[in-house]
Number of protein chains: 2
Amino acid sequence: MSKPGQLADNEVYLGTYFLDRLAQLGVKCLFGVPGDFNLTFLDLVEEHPDVKWIGNTNELNASYAADGYARVKQAQLNQDREGDQADSKPGQAKSGGGKDKTQGGVRGLGALLTTQGVGELSAVNGIAGAYAERVPVIHLVGVASTKLQKSRAVLHHTLGDGLTNVFEQAHSGITCARAFLQKAEDAASEIDRILLAALTTARPAYLTLPTDLVFIPVDKKRLETPIIPDSVAFENKDVLPTGKKVEDETKKRLEFVVKEIERLWEGAEDPIVLLDACAIRYGVGHLARDLVQATKVKFYTTPMGRTAIDEDPENGFGGVYVGEISDPEVKEVVEKSDLVIMVGSLKSDFNTGEFSYPFSQEQVIELHSDSTLVQYAHYPDVSFHMLLPALAKALKPKSNVSQPPKHVGLSTKVPEGDKDEMVTQKAFWPMMGAQLFKEGDIVVTETGTSNFGILGSALPKGTTSVSQVLWGSIGFANPATLGALLAAEESSTPRRTILFTGDGSIQLTIQEVATMVRLGLKPILVILNNNGYTIEKLIHGETASYNNIPSFDWQSMLSFFNAPAPNFKPLPTKSWLAETRGQLEDILTNDEFQKADKIQVLEVRMAPLDAPESLIKQGKLSAELNAA
Amino acid sequence: MSKPGQLADNEVYLGTYFLDRLAQLGVKCLFGVPGDFNLTFLDLVEEHPDVKWIGNTNELNASYAADGYARVKQAQLNQDREGDQADSKPGQAKSGGGKDKTQGGVRGLGALLTTQGVGELSAVNGIAGAYAERVPVIHLVGVASTKLQKSRAVLHHTLGDGLTNVFEQAHSGITCARAFLQKAEDAASEIDRILLAALTTARPAYLTLPTDLVFIPVDKKRLETPIIPDSVAFENKDVLPTGKKVEDETKKRLEFVVKEIERLWEGAEDPIVLLDACAIRYGVGHLARDLVQATKVKFYTTPMGRTAIDEDPENGFGGVYVGEISDPEVKEVVEKSDLVIMVGSLKSDFNTGEFSYPFSQEQVIELHSDSTLVQYAHYPDVSFHMLLPALAKALKPKSNVSQPPKHVGLSTKVPEGDKDEMVTQKAFWPMMGAQLFKEGDIVVTETGTSNFGILGSALPKGTTSVSQVLWGSIGFANPATLGALLAAEESSTPRRTILFTGDGSIQLTIQEVATMVRLGLKPILVILNNNGYTIEKLIHGETASYNNIPSFDWQSMLSFFNAPAPNFKPLPTKSWLAETRGQLEDILTNDEFQKADKIQVLEVRMAPLDAPESLIKQGKLSAELNAA
């Protein structure tokens, strides 16, 4: 690797420049796996004061972890914003955002380091997931020196024909921007371009760093110009940080759209707000909250929009709406509405009950990050960053709007059951809301049973929900939990991190539990042990052997990952097993368990074909659509 | 999913057609992970008489396993060919190749099934490895119905913008051919095109199968035309199976090249043959063997060429040659040669001692699958399939060629040592050759310590060596062992499968051990436990914390993956621990261990910075090249 050169006082190494930029943007953890083309850069990480290296057990896991980290950081910054608006709300998690508090927008960034070819390609699925779900993750790849690249040497970690653009190409449809650094002159500006693109679009970006550019000098002065997307600045200002003035035409267009919406609003008797994924990702939860509070209407969330703002019935939360697969009482009240303001909607199959919204387009207003849709009219360049505050001022409060069912958020729906009976999905999820969750928790749910089950759990104030409903890659949740745990450590108040996964899903990425153990993190890992891929069985192949999986001894997992070694002293762990409802209740009410002061496994045995009602409905809808 | 339609007697479903084609080509195992877009196809797999479903624990592992399976199948077919030439050699592993025995060429094929987006992208690194290392693996992806594709529905497992060609694009530089099936008319011919391309180029290919095409009818008659690459047919015939006559021009060109080589051969005093990767991959080991036997010269192998033919010193084997990092005595004798016939060479950094061959181009003849190089002259379209048999006839035997060192293959170099000392790398690898390996073993080694260490182990007749020297993706070896185990089950004689990996590498893909347990397979898993990434430490960051890893309790791994379950009864397992040389010797000589009648772990504790001599040399050469 190229050796560090002399630096003048006003210079930093390019490698350090990249890390300083990450630190400015609130990134304190760099996920990844070492490889011979990124080792000297890792020396710079080791000595960096703000960015910490998190070595993962493989690259796919690292990409998932970076994604989970970014999501929770974004949520914590959103919550800080909420805190700003409504002072001293109890139980609200505060992160040490510092000056970040003055800005909304996309601020939760994740970062991932891999090595050429073998490393970067292993992460591709995780990057694609971040792209689909709008999570900005920077994928930095350590590659061979520009000189070796030019020689087209048959290096290991290549396809044998020199280092071509094949690996960059594999990232082309799943990142918003790519830079293949080749020369000193534009390396720093390319880094800035990549970071700005990721924050602007809330999507991952790709960057290669050749070994001979790690130690080139960069003028420190560049760091004084912050990287802020225009959309953030739009929120309240007339002049953007780039110096660009917000044009009169833009303001006139905005006023026009506000008037159009005002007209519909005044004619509506029972309007609601429906919060979705992009409200979280683009950091406008606090603006949506202002709108709800100003207009006194009820708000609902989609599965992907959960915890965009506190799910507090006292402040207008009405429940989770998923079309056909909604709780019937929630469905009824939502579908009575005559005007639905959708904020940041992402209408994927699993997020909409297989496209089963019954609203006519004339009842719908959609607020997006880059455009607005009012009935049939499309307004490009009118983003929710500017529109939400304007609407909060313009729209008059409504009284007498429909009231959602009382059980939402109150966990009164835990079904009766015998202490000795096997735990059912029907009982399990309400029990989580009633007996496990508390304010400030981070709840990570896996694709499959857990993502559907959690729809039946109340989430207290300050909760952050993490799930991958659109991309739906099984195995995501466990490494995402690692990322969430590390993000939670950056919160100013302690937060518990709770994973819900199944034995079918966690097997894909199980080794990342070892990283949690190594780092002394303290998640509660709830494993629904039901012997196989339940969600697949419900879609097709109920008893087919291809939906079977190996049989893991969940009670011994933590000890397998916790052996003494020259550089490691085993840490306290605890594994719990619930085979009956009574056992589960005992664990949930156990102080040691609730305290979450060590890493814990809670294995819950369930019947293989037992599933949440919503998943059963979804499975049928999916099978029908596939057969159509 | 679309329902099965009525079939006429002369028809099969398209899904079955694909499986029948695989079966014809000797593929009896389909690796992969179920997903909702491949479930109905899996129904056809379940009922197929010849192709068995191997559910893996994740898709990357599945791709590695398919690769390992293909390599061992190819080796077994090569060995059958050797058996044909030299009858009844003891200890030669025979696979039930049947009529395959009449053909060389690329015949070891692997196959992998994933689901759209999330599944296929997880496998990309494994597919790229197969591409780099010339292993034909068919990647079949179950995707949404053509109707859903056209509707651009926001389905789960998409990027949210409909099913675009992004995932195919991610495969474009790492597969030799791709087919995105869209209509019934050409689906079967597209399948044939893909399979032929993979066999012709010895590289992976990509194919999508929409749910609504699984059950379309295909005329059975198509199956009567076998899929055989031209290169195989070239070997001995004047007319290709396609009906194409081998042209006179081709024969004249071949004769010209043979004469050129003959001229050089006659002037050479001390020629050698150097066997490399592509001799194995393109199935010409038996032809190279005929050449060596006919000419009486010595042959050597590169790391990637190991076990292309039996490494039997009595039949001319002289040792493993890796340029600068070779055994000094082997290096000396190889570099004395005045004419080197390289068969299937793949001159990557780790395969050549960092490009340290000292031969001048005037001393070199290179025989490839698609061309020949004689000194500076390049002859396209002269493949080793036709050239090797011609040379075996034309070249006159040499007497008095240089003799390689006596220790090669005889394992007399096991260094002396005290029973109570820690096991050293220096002692370990010769001990494996002397005390563990026996005829017919499959030896899988991981990138890093093991790939270099194995250079110091003698491999008995009939051994198959599996490693990934060019692509070098850590984590490959463990799932590849699963593939090897399943391929070995198709051999007509029992074969043991032995994995050598490190604690740093196996963590990436550790869950695949669970599949071995589930299927009742019986590998010997040798884990070199040295607390971290030794190969990285030797390249850079000897004591840096980024080269540390979690600490696993290897003695409890098998029990973690072997829990009782409703559909699984735990199987016998055995875990061994060697902390000293004496303990290791006791285990190696223990009958229970040697018998390999259950899955076994052998954990060997080693010092973190102890490494094979060849790896130490390679580490220095790599660091120098990176710094240049």
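Thresholds applied
- Residues numbered from 1 in each chain as written.
- Chains lettered and ligands numbered in written order.
- Predicted model: local features only at pLDDT ≥ 70, side-chain atom pairs only at ≥ 80, totals over all residues.
- Heavy atoms only, no water.
- Salt bridge = Lys/Arg side-chain N within 4 Å of Asp/Glu carboxyl O.
- Helix = DSSP H or I, 4+ residues; strand = E, 2+ residues; numbered from the N terminus.
- Buried < 20%, exposed > 50% of the residue type's maximum accessible area, 1.4 Å probe, protein only.
- UniProt positions renumbered as here; feature names shortened; annotations may be inferred.
- Contact = heavy atoms within 4.5 Å.
- Domains from an automatic or database assignment.
- Buried area = accessible area lost by both parts, 1.4 Å probe.
- Polar contact = N/O pair within 3.5 Å; in protein donor to acceptor, adjacent residues only side chain to side chain.
- Least-squares fit on C-alpha atoms with pLDDT ≥ 70 in both.
- Pairing = 2+ DSSP bridges.
- Axes fitted to C-alpha atoms, helices over the stretch in contact; angles between N-to-C directions.

Right, let's get into the pattern of salt bridges. Summed over all chains, the structure comprises 45 salt bridges over all chains. Here Arg 222 of chain A and Asp 192 of chain A are joined by a salt bridge, their closest N and O atoms 2.8 Å apart. Here the residue Arg 222 of chain A occupies a position in the loop between β8 (217-219) and α9 (230-234), and Asp 192 of chain A occupies one in helix α8 (residues 184-201), the gap between them amounting to 30 residues. The class for Asp 192 of chain A is buried, based on a relative accessible area of 11%. Arg 496 of chain B is paired through a salt bridge with Asp 441 of chain B; the nearest N and O atoms lie 2.8 Å apart. Remark: Asp 441 of chain B occurs in the loop between α15 (425-436) and β16 (442-445) and Arg 496 of chain B occurs in the loop between α17 (477-489) and β18 (497-502); sequence separation between them is 55 residues. No difference in accessibility class separates Arg 496 of chain B from Asp 441 of chain B, as the two residues are buried. Salt bridges sharing partners connect three or more residues here, namely Asp 67, Arg 71, Glu 133 and Arg 281 of chain A.

So, on to the UniProt feature "binding site: Mg(2+)" (unreviewed entry) in chain A. Residues and elements named next belong to chain A. UniProt's entry tags Asp 503, Asn 530 and Gly 532 with the feature "binding site: Mg(2+)" (unreviewed entry), counted in the numbering of this structure. For the residues just named, distributed over 30 residues, the greatest C-alpha separation is only 6.9 Å, placing them together at one site. Note that Asp 503 resides in helix α18 (residues 503-506). Once residues within four sequence positions are removed from consideration, Asp 503 is found in contact with Ile 527, Leu 528, Asn 529, Asn 530, Asn 531, Gly 532, Ile 549 and Trp 554. By relative accessible area, which is 3% here, Asn 530 ends up buried.

Glancing now at the domain arrangement of chain A. Where interface size is quoted, it is often the accessible area lost as the parts come together. All names here are of chain A. According to the domain assignment, chain A consists of domain 1 (11-228), domain 2 (248-394) and domain 3 (425-458 + 463-627). One C-alpha centre belongs to domain 1, the other to domain 2; they are set 32 Å apart. Listed by partner, the interface residues are 20 residues for domain 1 and 15 residues for domain 2. Each partner contributes to the roughly 1400 Å² buried at the junction of domain 1 and domain 2, and carbon and sulfur atoms together form 47% of this total. Connecting domain 1 to domain 2 are one salt bridge. A salt bridge links Arg 281 to Glu 133, with the nearest nitrogen and oxygen atoms 3.6 Å apart. At the boundary of domain 1 with domain 2, the tally comes to three residue pairs in polar contact (both at pLDDT 80 or more). For the side of domain 1 that touches domain 2, the secondary-structure elements that each account for two or more residues are α3 (59-85) and α8. Of all the elements, α3 adds the most residues to the side of domain 1 that touches domain 2, at seven residues.

Let's shift gears to the relation of the copies chain B and chain A. With an RMSD of 0.0 Å, the fit of chain B onto chain A corresponds to turning through 180° and sliding 0.0 Å along the axis. Accordingly, the operation relating the two chain copies is best matched by a two-fold axis. Looking at the rotation axis and the C-alpha trace of chain B, the residue lying nearest is Ala 170 of chain B, at 2.0 Å.

What follows concerns the sheet that holds β18 of chain B. Residue and element names in this part refer to chain B. Within the open sheet, the six strands sit side by side as β17-β16-β18-β19-β21-β20. Their pairing is parallel. The sheet is open, and its two edges are formed by β17 (464-466) and β20 (573-578), each paired on a single side. This sheet shows a mean twist of 15° between the axes of neighbouring strands, independent of strand direction. Examined bridge by bridge, strand β19 (residues 524-529) and strand β21 (residues 599-605) share six bridges and lie parallel to one another. Paired with Leu 528 across the strands is Val 604, a residue of β21.

Let us look at the UniProt feature "domain: Thiamine pyrophosphate enzyme central" (unreviewed entry) in chain A. Within this structure's numbering, the places UniProt gives as "domain: Thiamine pyrophosphate enzyme central" (unreviewed entry) are residues 265-384 of chain A. Within residues 265-384 of chain A, the helical portion is 23% and the strand portion 25%, while the C-alpha atoms at the span's ends are 17 Å from each other.

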